[in-house]
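Listed here are the chains, written in short residue letters.
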Amino acid sequence: QRNIMPKYTTRDGEKMHVTEVGRGEPVVLIHGLGMDGNPWLPFASTSLLNKRFYIPDLRGWGRSRHMLMQSDYYLGQLADDMHDLIVKIGAPKVVLVGISLGAGVGLEYLKRYGDSMISRYMNIDFPSHMVRADNPNAMPAALIATGEAMLEEAKYFDYSLPLSQLPKSYQHKHFSLLFGVLRNSLKTPWQRGIAMSIEYNPLLKTFLSQ
């Protein structure tokens, strides 16, 4: 059974799209930066007989791109959204899984709300030094402003279009944010050098835009 109705309303009255699929133990899957929940579906499909998956499109992305930002701390806003979702699922405990940005949301959730409603947590590929409370320079003001501008513009786009068909100005913001976050995720100069070599490679950018 699959349900993709925006049946979950967050504390500020915004409606969040959540794909529900399977039956059994509840599992919340949180997607990464620049994605929506759909890439989780192939992984969820192997456990549909004993797991009930709740796969949100995070605020500002996919079918939740219409949701307005109410906080200047994006991870905190998303963590609050996940708490609202988990409360409305109504199970005593849920499994929480996050990848990349979604893993950062998971860590922020645990910091704010603890693990009283979480049976297990899986953190995939998110460096702990990117949490702003621990490292105030993880997300500088310029990157935050870029992200906010993208969220505002994205309200008017068809989310099914590839990046290459969106305005060049939006593509520029996308790569500025993506590679800005990537550089800040890396600690050593040689790692940041590799990231910059990718950022300024036009062939790779073309590939990533498809």
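About the cut-offs
- Once a new chain begins, its residue numbering starts again from 1 and follows that chain's sequence as written.
- Local features in this predicted model are restricted to residues whose pLDDT is 70 or higher, and side-chain atom pairs enter the listing and the counts only when it is 80 or higher, whereas totals over whole chains, interfaces and linings include all residues.
- Excluded from the side-chain calculation are hydrogens and water; included are all heavy atoms of the structure.
- A run of H or I in DSSP becomes a helix once it reaches four residues, and a run of E becomes a strand once it reaches two; helices and strands are each numbered from the N terminus.
- The classification of residues rests on relative accessible area computed with a 1.4 Å probe and restricted to protein chains. Under 20% of the type maximum is buried, over 50% is exposed, and intermediate values are partly exposed.
- Only the protein chains shown count as cover for residues, with accessible areas throughout obtained via the Shrake-Rupley method and a probe of 1.4 Å.
- DSSP-based pairing: two strands are paired if at least 2 bridges between them are found.
- Any pair of residues with heavy atoms lying within 4.5 Å of one another is described as a contacting pair.
- Contacts described as polar in this section are N or O atom pairs within 3.5 Å, which, within protein, must combine one atom able to donate a hydrogen with one able to accept it, while residues neighboring in sequence count only if both atoms come from side chains.
- Every residue gets a pLDDT, meaning the predictor's confidence in that residue, from 0 to 100.
- Multiply 1.5 Å by the residue count of a helix minus one, and that product is the helix's expected span.
- Helix axes are fitted only over the stretch in contact, all axes being lines through C-alpha atoms; the angle between N-to-C directions runs from 0 to 180 degrees.
- Throughout, the term roughly parallel applies to angles under 35 degrees, roughly antiparallel to angles over 145, roughly perpendicular to angles from 65 to 115, and oblique to all others.
- In the scheme used here, Gly and all other residues not listed as nonpolar or charged are polar, with Ala, Val, Leu, Ile, Met, Phe, Trp, Tyr, Cys and Pro taken as nonpolar and Asp, Glu, Lys and Arg as charged.

1. Describing the overall build of the chain
For step 1, the next point in the chain: Assigned secondary structure in the chain consists of seven helices and eight strands.
For step 2, the next point in the chain: Classification of the 210 residues of the chain by burial places 44% in the buried group.
For step 3, the next point in the chain: Per element, the accessible surface of the chain, about 10800 Å² overall, is 60% carbon and sulfur.

2. Things to note about the pairing of strand 4 (residues 18-22)
For step 1, the next point in the chain: The buried fraction of strand 4 amounts to five of the five residues, a majority that puts the element mostly inside the structure.
For step 2, the next point in the chain: Of the pairings in the sheet, the one linking strand 4 to strand 6 (residues 51-56) comprises five bridges and is antiparallel in character. Note on strand 6: the bridge partner recorded for Val18 is Pro56.

3. Let's talk about the environment of Asp84
For step 1, the next point in the chain: Within the secondary structure, Asp84 is located in helix 2 (residues 74-89).
For step 2, the next point in the chain: Those residues in contact with Asp84, other than ones at most four positions away along the chain, are Thr10 and Arg11.
For step 3, the next point in the chain: Within polar-contact distance, the side chain of Asp84 engages the side chain of Arg11 at 2.8 Å.

4. A word on the confidence of the model for the chain
For step 1, the next point in the chain: Residues of the chain with pLDDT of at least 70 account for 90%, and the chain-wide mean is 84.
For step 2, the next point in the chain: Highest mean pLDDT in the chain belongs to strand 5 (residues 25-30) (97); lowest belongs to strand 1 (residues 2-3) (62).

5. Details of helix 5 (residues 168-185)
For step 1, the next point in the chain: Under the 1.5 Å per step criterion, the end-to-end length of helix 5 is 26 Å for 18 residues, consistent within 8% with the ideal 26 Å.
For step 2, the next point in the chain: What helix 5 keeps buried is the set Tyr170, Gln171, His174, Phe175, Leu177, Phe179, Gly180, Val181 and Ser185.

6. A closer look at the packing of helix 2 against helix 3 (residues 101-113)
For step 1, the next point in the chain: Between helix 2 and helix 3, the shortest axis-to-axis distance is 8 Å and the interhelical angle comes to 70°. The orientation of helix 2 relative to helix 3 falls into the category roughly perpendicular. Contacts between helix 2 and helix 3 involve Tyr74, Leu75, Gly76, Leu78, Ala79, Asp80, Met82, His83 and Ile86 on the former and, on the latter, Leu101, Gly104, Val105, Glu108, Tyr109, Arg112 and Tyr113.
For step 2, the next point in the chain: Taken together, the residues that form the contact of helix 2 with helix 3 break down as ten nonpolar, three polar and three charged.

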